[in-house]
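# Descriptive analysis of the structure
Chain by chain, the residues run as shown.
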Amino acid sequence: MVVADANSGRAVYWGTGRRKNAVARVRLVPGTGQLIVNGKDGNLYFQFNPNYLGVIKAPLETLGLENEYDILVKAEGGGLTGQADSVRLGVARALCQLDPDNRPPLKTEGYLTRDPRAKERKKYGLHKARKAPQYSKR
């Protein structure tokens, strides 16, 4: 969805990403390449972890737009890994709205695929999803 920003008249591109229990609502706004998550600096929010920050900026780096857009994120649920992956999906979806020609390179890198892996539920009689109690022969 493309919406003009009420304050400045700039185009804003939206994308929603999900991973595990994390949901990230991402806005791409023309700017200088800042990352802001839940009102905090993105580096601080993701604990200056280069893995998380690299994952988030990967779709922009694929297209060569690292310093062209600010990433504004509302992230909730899950942990930092799930949130970082959900932000990546949201950024990739927003970039597809920006220009439909961005879709093929993002698709080949796998940035438009939602990762379906989630925690398996616990079954009765077991300690965890698959961990059984210790077997005793006698």
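Report follows, based on the coordinates. Position numbers for residues start from 1 in each chain and track the written sequence from start to end. Local features are withheld for residues below a pLDDT of 70 in this predicted model, meaning they are given only at 70 or higher, and side-chain atom pairs are given and counted only at 80 or more; totals for whole chains, interfaces and linings count all residues. Here the side-chain values reflect all heavy atoms present in the structure, with hydrogen atoms and water set aside.

## Some remarks on the overall build of the protein chain
Strands are runs of DSSP state E lasting at least two residues, helices are runs of H or I lasting at least four, and both sets are numbered from the N terminus onward. Across its full length, the protein chain carries four helices and six strands. Ordered by position from the N terminus, the helices and strands of the protein chain form the series β-β-β-β-β-α-α-β-α-α. For a compact globule the rule gives 2.2 Å times the number of residues to the power 0.38, and the radius of gyration it is set against comes from C-alpha atoms. For the protein chain, the C-alpha radius of gyration of 19 Å lies well beyond 14 Å, the compact-globule estimate for 138 residues. In terms of overall dimensions, the protein chain has a C-alpha envelope of 75 × 30 × 25 Å along the principal axes. Buried positions account for 33% of the 138 residues belonging to the protein chain. Throughout, a residue-residue contact means that at least one pair of heavy atoms, one from each residue, lies within 4.5 Å. In the protein chain, once contacts between residues fewer than 6 apart in sequence are set aside, the share between residues at least 24 apart is 63%. Only the protein chains shown count as cover for residues, with accessible areas throughout obtained via the Shrake-Rupley method and a probe of 1.4 Å. Within the structure as shown, the protein chain displays about 8,700 Å² of accessible surface, and the carbon and sulfur contribution to it stands at 50%. By the counting scheme adopted, Arg and Lys are positive, Glu and Asp are negative, and His together with the chain ends is not counted. Taken as the charge location is NZ of Lys, CZ of Arg, CG of Asp or CD of Glu. One finds the centroid of the 24 positive side-chain charges in the protein chain at a distance of 18 Å from the centroid of its 13 negative side-chain charges. The cut-offs for exposure are 20% and 50% of the maximum accessible area for each residue type, with area from a 1.4 Å probe on protein chains only; residues under the lower value are buried, those over the upper are exposed, and the others partly exposed.

## Details of the nonpolar core
One finds Phe-46, Ile-71 and Val-73 to be the most contacted residues of the largest nonpolar core, which totals 28 residues. If you list the elements that add at least two residues to this core, you get strand S3 (22–30), strand S4 (35–37), helix H2 (50–63), strand S6 (69–76) and helix H3 (80–98). Among the elements that line this core, the one with the most residues is H3, at seven residues. Here, nonpolar core refers to any group of buried Ala, Val, Leu, Ile, Met, Phe, Trp, Tyr and Cys residues whose side-chain atoms link them within 4.5 Å.

## What to know about the packing of H2 against H3
Angles here are taken between N-to-C directions and fall from 0 to 180 degrees, while the axes themselves are lines fitted to C-alpha atoms, restricted in helices to the stretch in contact. Two elements in contact, H2 and H3, have axes whose closest approach is 8 Å; the angle formed by their N-to-C orientations is 15°. One finds that H2 runs roughly parallel with respect to H3. Regarding H2 and H3, the two cross each other, and that crossing is right-handed. For the pair formed by H2 and H3, the contact residues are Tyr-52, Val-55, Ile-56, Pro-59, Leu-60 and Leu-63 on the first element and Leu-80, Thr-81, Ala-84, Asp-85, Val-87, Arg-88, Val-91, Ala-92 and Leu-95 on the second. For this classification, Asp, Glu, Lys and Arg are treated as charged, while Ala, Val, Leu, Ile, Met, Phe, Trp, Tyr, Cys and Pro are nonpolar and the rest, including Gly, are polar. Class assignment for the residues of the contact of H2 with H3 results in 12 nonpolar, one polar and two charged. The scheme is simple: roughly parallel for angles under 35 degrees, roughly antiparallel for over 145, roughly perpendicular for 65 to 115, oblique for anything else. Helix crossings are classified by the rotation of the near helix relative to the far one: an anticlockwise turn of less than a right angle makes the crossing left-handed, while a clockwise turn makes it right-handed.

## Describing the environment of Arg-103
Locating Arg-103 in the fold gives a position in helix H4 (residues 103–109). Each C-alpha atom of the pair Arg-103 and Asp-70 lies 20 Å from the other, and the pair is 33 residues apart in sequence.

## Some remarks on the packing of aromatic side chains
Any two of the Phe, Tyr and Trp rings considered here, Trp counted by its six-membered ring, make a pair once their centres fall within 6.5 Å; the pair's planes then place it as stacked at under 30 degrees, edge-to-face at over 60, or tilted in between. Following the criterion strictly, the structure yields two aromatic pairs and no others. Seen from their ring centres, Tyr-45 and Phe-46 are 5.1 Å apart, and the 80° between their planes marks the pair as edge-to-face. Grouping aromatic residues by their ring pairs yields a cluster made of Tyr-45, Phe-46 and Tyr-52.

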